[in-house]
Amino acid sequence: MIWEELHGGMEFIFSHLIFINFILAVIIIFFQRREPQSVWTWLLLLYFLPIIGFVFYLFLGTDMHKKKMFRIKEIEDNLNEAIRKQEYWLQNKRWGNKSTEIEEYSDLVMYNLGASGAMLTDDNDITFFTDGVRKFDALIADMEQAEQYIHVQYYIIKNDVLFRRIKDVLVKKAAAGVEVRILYDGMGGRSVKKSCWKDLNRQGIKTSEFFPALLRRLHLRINYRNHRKIVVIDGKVGYVGGFNIGKEYIGMDDRFGYWRDTHLRITGSAVASLGLRFALDWNYASKENLFLTDKYMRHEAAESGQHCEVQIVSSGPDSRRCNIRDNYLRMIGKAKKCIYIQTPYFIPDEAILSALMIAVHSGIEVNVMIPCKPDHPFVYWATYSYIGDLVMEGAKCYTYNNGFLHAKGMVVDDKVLCYGTANMDIRSFALNFEVNAVIYNEEMARKMREIFEEDLKVSKQITKNVYMGRSLLIRFKEQVCRLLSPLL
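As the structure is a computational prediction, the values presented were derived from the model and not from experiment.

Undergrad: Now, about a nonpolar patch on the surface: what can you tell me, with residues and values included?
TA: A contiguous nonpolar patch, built from Phe-378, Leu-473, Phe-476 and Val-480 and spanning about 400 Å² of accessible area, is present on the exposed surface. It is helix H19 (residues 472–483) that provides the largest number of residues to the nonpolar patch, a total of three residues. Relative to the elements of secondary structure, Phe-378 occurs in helix H15 (residues 377–393).

Undergrad: Any chance you could break down the environment of Ala-146 for me, citing the residues and the numbers?
TA: Of note, Ala-146 is situated in the loop between helix H9 (132–144) and strand E2 (149–154). In the structure, Ala-146 is positioned 32 residues away from Val-178 in sequence and 7.1 Å away in space, judged by C-alpha atoms. Not counting the four nearest positions on each side in its chain, Ala-146 is found in contact with Lys-173, Val-178, Ile-233 and Asp-234.

Undergrad: Give a description of the pattern of salt bridges that names residues and reports values.
TA: Using the criterion set out here, one finds 25 salt bridges in the structure. A salt bridge links Arg-165 to Asp-137; its shortest N-O distance comes to 2.8 Å. Of this pair, Arg-165 sits in helix H10 (residues 161–175) while Asp-137 is found in helix H9, placing the two residues 28 residues apart along the sequence. Between Asp-185 and Arg-225 there is a salt bridge whose closest N-O contact spans 3.0 Å. Separated by 40 residues along the polypeptide, Asp-185 in strand E3 (residues 179–185) and Arg-225 in the loop between strand E4 (205–210) and strand E5 (230–233) bring together distant segments of the chain.

Undergrad: Before we move on, can you summarise the pairing of E4 with the specific residues and values?
TA: Most of E4 sits inside the fold, with five of its six residues counted as buried. Here E3 pairs with E4 via six bridges, running parallel. Bridge pairing in E4 links Arg-181 to Lys-206. For the handedness criterion, the β-α-β arrangement of E3, helix H11 (residues 194–202) and E4 is classed as right-handed.

Undergrad: Outline the environment of Glu-101, supporting the account with residue identities and numerical values.
TA: As for its placement among the helices and strands, Glu-101 is situated in helix H7 (residues 100–104). Accessibility expressed as a relative area gives 8% for Glu-101, which makes it buried. Separated by 341 residues in sequence, Glu-101 and Glu-442 have C-alpha atoms that sit 7.4 Å apart. If sequence neighbours within four positions are ignored, Glu-101 has contacts with Lys-415, Tyr-440, Asn-441 and Glu-442.

Undergrad: Give me the packing of helix H14 (residues 350–361) against H15: which residues, what numbers.
TA: Two numbers describe how H14 lies on H15: the axes approach to 10 Å, and their chain directions differ by 20°. Between H14 and H15, the angle falls in the class roughly parallel. In the crossing of H14 with H15, the sense of the turn from one axis to the other is right-handed. Note on element contacts: H15 touches H14 through Tyr-386, Asp-389, Leu-390 and Glu-393, opposite Leu-353, Leu-356, Met-357, Val-360 and His-361. For the contact of H14 with H15, the class distribution of residues is six nonpolar, one polar and two charged.

Undergrad: Describe the pairing of strand E9 (residues 338–342), and please don't skip the residues or the numbers.
TA: Successive residues of a regular strand alternate their side chains across the two faces of the sheet. The element E9 is largely enclosed, with a buried count of five among its five residues. As judged from the five bridges shared by E9 and strand E11 (residues 365–371), these two strands associate in the parallel manner. Across the sheet, residue Tyr-340 finds its bridge partner in E11, namely Asn-367.

Basis of the calculations
Residues numbered from 1 in each chain as written. Predicted model: local features only at pLDDT ≥ 70, side-chain atom pairs only at ≥ 80, totals over all residues. Heavy atoms only, no water. Patch = residues over 30% accessible without salt bridge, like charges linked within 9 Å, V, L, I, M, F, W, Y side chains within 5 Å. Areas by Shrake-Rupley, 256 points an atom, 1.4 Å probe, with all protein chains shown as cover. Salt bridge = Lys/Arg side-chain N within 4 Å of Asp/Glu carboxyl O. Helix = DSSP H or I, 4+ residues; strand = E, 2+ residues; numbered from the N terminus. Contact = heavy atoms within 4.5 Å. Buried < 20%, exposed > 50% of the residue type's maximum accessible area, 1.4 Å probe, protein only. Pairing = 2+ DSSP bridges. Right-handed = clockwise from strand over helix to strand, strands pointing away. Axes fitted to C-alpha atoms, helices over the stretch in contact; angles between N-to-C directions. Parallel < 35°, antiparallel > 145°, perpendicular 65-115°, else oblique. Left-handed = near helix turned anticlockwise from the far one by under 90°. Nonpolar A, V, L, I, M, F, W, Y, C, P; charged D, E, K, R; others polar.

Geometry only, nothing functional implied.
Structure, rendered in structure tokens:
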């Protein structure tokens, strides 16, 4: 009976496909505010590949009433942004004795404050992790020291050897009276069975799913995923960066080999900003208001006295602006000597690509590093196409050949860096929920640039001759994937 109904439904769709495509075209043109390039891409796809185009639109195109979906979340975000702005101005009426980096990038600081309510904090200690084993060893060690609460948020969680190790610690801490919360994305955490989450709930751990599937484990929405990776422990320690929870992130997957990523461990006042970001996402997903409890918004000063100045900047489909994209754009525009970019996906919008080309022709050294292998083939070949544009303009571009490069961020002039969860692509700029740390500190910027230069030892440069010598098959893949890039 079910199969007969399904067969009848499919027959109806195929018999009315032209009419359905026409309705979709009307919706795309008149009822959704999109860039012209994206509109034409969808219309061409629906016209030339009606069946495939229809399926693609179901998964990638509809906005599912985005404004209605995130209206409550946006109100909550705006309320807290207003509070943070007021606190900032009460505490900092003048720049005072701020660093030279802050003076030079004061316009970027003010933009982040005004656009996303990102408070500037100046008492932070930061440690970089580029290896998954070391990062998770440090994270688990910090979790074991927790006394009040542990808040965990990851885009991807897989129930494998790494998560089991983390679960053991979280269950032990929950039994000892520590409050534990785990927030996971509905698509990124789909491989974990519901029974696993229920088992954790029975052991005192609260869990919540961001943007769950409408039909059990069938996800019709690829857009609007929560791509953030945040951990906050007792308001003392915060983690943010590119590593998810899965064995591939600690180099235990033969497909990828060594996993090269970047994650930040932060102590100091910026931890409160990460805690606020987690609370906003948790409140939206679980309907539990963490703002009713003061301890979740507290923080402790860094012990080392490193005094790194940091803003935690977030963006997503609930934001009116592409905040992280705008940070990248402003940093490129202010560069005087050099730019270093690492990203697994390089599908920039026109503004970012033009800014990088202008930088190259202005005598600024532009360095971009991408992986040597794809985890998503369509995205990779679109990436290679845009990298080719930069190579032909004179930028220095490289493929990381020691496994898979998943690091996400930018360093400019050994003065400022922006690293976190956002890729250098349109999806991260506008369609996913992301969070980055903007750090105004010469020592930290120089250290990240030195990490980039160390990666060059296991990388290969894509010269003009190399790029021009690519095969016809690669050229074909590039052109097809670039045409689809507004949808990727």
